[in-house]
Amino acid sequence: MSTLKIAIQKSGRLNEDSIQILKDAGISIDNGIDQLKAEASNFPLEVLYLRNSDIPQYLIDGVVDIAIVGDNLLVEKGNDIEVIQKLGFSKCKVSVAVPKAFDYKSVQDLNGMRIATSYPKTVLDFFNSKGVTVDIHQISGSVEIAPNIGLADAIVDIVSSGSTLFKNNLKEVEVIFKSEAVLAVSPKVTPESQKIIDTLKFRIESVLRARKSKYILMNVPNDKIEAVGKILPVLRSLTVLPLAQKGWSSVHSVIDKDTFWDVIDQLKEAGAEGILICPIEKMVL
Ligand SMILES: Nc1ncnc2c1ncn2[C@@H]1O[C@H](COP(=O)(O)OP(=O)(O)OP(=O)(O)O)[C@@H](O)[C@H]1O
Ligand SMILES: O=P(O)(O)OC[C@H]1O[C@H](OP(=O)(O)OP(=O)(O)O)[C@H](O)[C@@H]1O
Ligand SMILES: [Mg+2]
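Residues numbered from 1 in each chain as written. Chains lettered and ligands numbered in written order. Predicted model: local features only at pLDDT ≥ 70, side-chain atom pairs only at ≥ 80, totals over all residues. Heavy atoms only, no water.

Brief notes about the site of ligand 2
For ligand 2, the full set of nearby residues is Arg-13, Glu-144, Asp-157, Ile-158, Val-159, Ser-160, Ser-161, Gly-162, Ser-163 and Thr-164. One nitrogen or oxygen atom from the side chain of Glu-144 is found 2.6 Å from an oxygen atom belonging to ligand 2. Protein burial of ligand 2: of its 500 Å² of free accessible surface, 60% is covered by the chains. Judged by its atoms lying within 2 Å of the grid points, ligand 2 is housed in the largest pocket. Sorting the residues of the shell around ligand 2 by element identifies strand 9 (154-159) and helix 5 (163-167) as the ones contributing at least two each. If you tally residues by element for the shell around ligand 2, the top one is strand 9, at three residues. Tallied by class, the residues present in the shell around ligand 2 amount to two nonpolar, five polar and three charged. (Near = heavy atom within 4 Å. Polar contact = N/O pair within 3.5 Å; in protein donor to acceptor, adjacent residues only side chain to side chain. Areas by Shrake-Rupley, 256 points an atom, 1.4 Å probe, with all protein chains shown as cover. 1 Å grid on protein atoms, 1.4 Å probe; cavity = no way out; pocket = protein on both sides within 12 Å on 5 of 7 lines; lining within 4 Å. Sits in = over half its atoms within 2 Å of the grid points. Helix = DSSP H or I, 4+ residues; strand = E, 2+ residues; numbered from the N terminus. Nonpolar A, V, L, I, M, F, W, Y, C, P; charged D, E, K, R; others polar.)

Re the site of ligand 1
Lining the immediate surroundings of ligand 1 are 14 residues, of which Arg-13, Arg-51, Asn-52, Ser-53 and Asn-72 lie closest. Arg-13 has a polar backbone atom sitting 2.7 Å from an oxygen atom of ligand 1. Contact distances for ligand 1 include 2.8 Å between an oxygen atom and a backbone N or O atom of Asn-52. For ligand 1, whose accessible area on its own is 620 Å², the fraction buried by protein is 78%. The pocket occupied by ligand 1, as judged from atoms lying within 2 Å of grid points, is the largest pocket. Shared between two domains, the shell around ligand 1 takes at least three residues from each, and those domains are domain 1 (4-90 + 180-189) and domain 2 (92-179). (Domains from an automatic or database assignment.)

Interpretation in functional terms is not warranted from these geometric data alone.
Take a look at the structure:
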């Protein structure tokens, strides 16, 4: 059987979450601290630990079959590298920011200005689409300092909490797009590798689904089950099991992790008691 080659970031913001998602998908690998390559012990997968910024080119060349990479880098690369799964971590925005004192009204205000960035193609495409001409200064890091040292009038960089902008006296004025870590596939992938990719994707989907959900159990008087059932969004139907105490049942379901506090209040009002919320490890539909 052939082995799938996957690229993940060697060190940085994506490294730990990338390894964790593979582990949660049942694949055991080392953390890449002292090595550039590792074989999974229980899945046909070879992991290459690379610089995030080098990964799009490795995908294009077919050096790796698949990768976990920041979507912003695929956008910057501009080739049609297929994204098969958004992974829900390393969420950020690629934004335009200007000094706080800049009286910004619209993107036209940046016509003829100098923009510092690590993402020149993204910047060019964005301003071209708005009919605005800018002068791009490409730098590879510490972009937010550029306006303060007179290198640029504005910047395009990654924004997450906004604290780097704040500390450098800048304000976000345009969000070009939102990014997160994604699973991307090489255009040169072979049919044999594709089969392993399908298995891996299936596992990762189950992990992501489980991360979004909680398992909920509660005791409900039998005459209130219908009312409780209306509150619970269920996969197929509720699981209802009789309790030792006559007239009561144990009701089980799956709920969205972000909304369970709201749902719990409604369930209590509808007559549910002894509510338990548990994590779900995997969820296969
Ligand atoms: N502050 C942030 N919050 C959330 N996600 C971020 C943030 N900064 C960057 N990211 C996302 O994480 C990815 C990796 O960022 P990181 O700073 O670790 O690496 P890098 O400087 O792009 O990479 P490398 O040195 O590996 O080439 C980025 O491409 C982006 O998608
Ligand atoms: O909005 P915030 O939460 O402040 O995050 C944004 C900052 O995070 C990233 O830098 P990082 O910390 O990865 O440093 P780097 O430039 O050395 O990669 C990015 O380049 C911004 O500078
Ligand atoms: Mg960074």
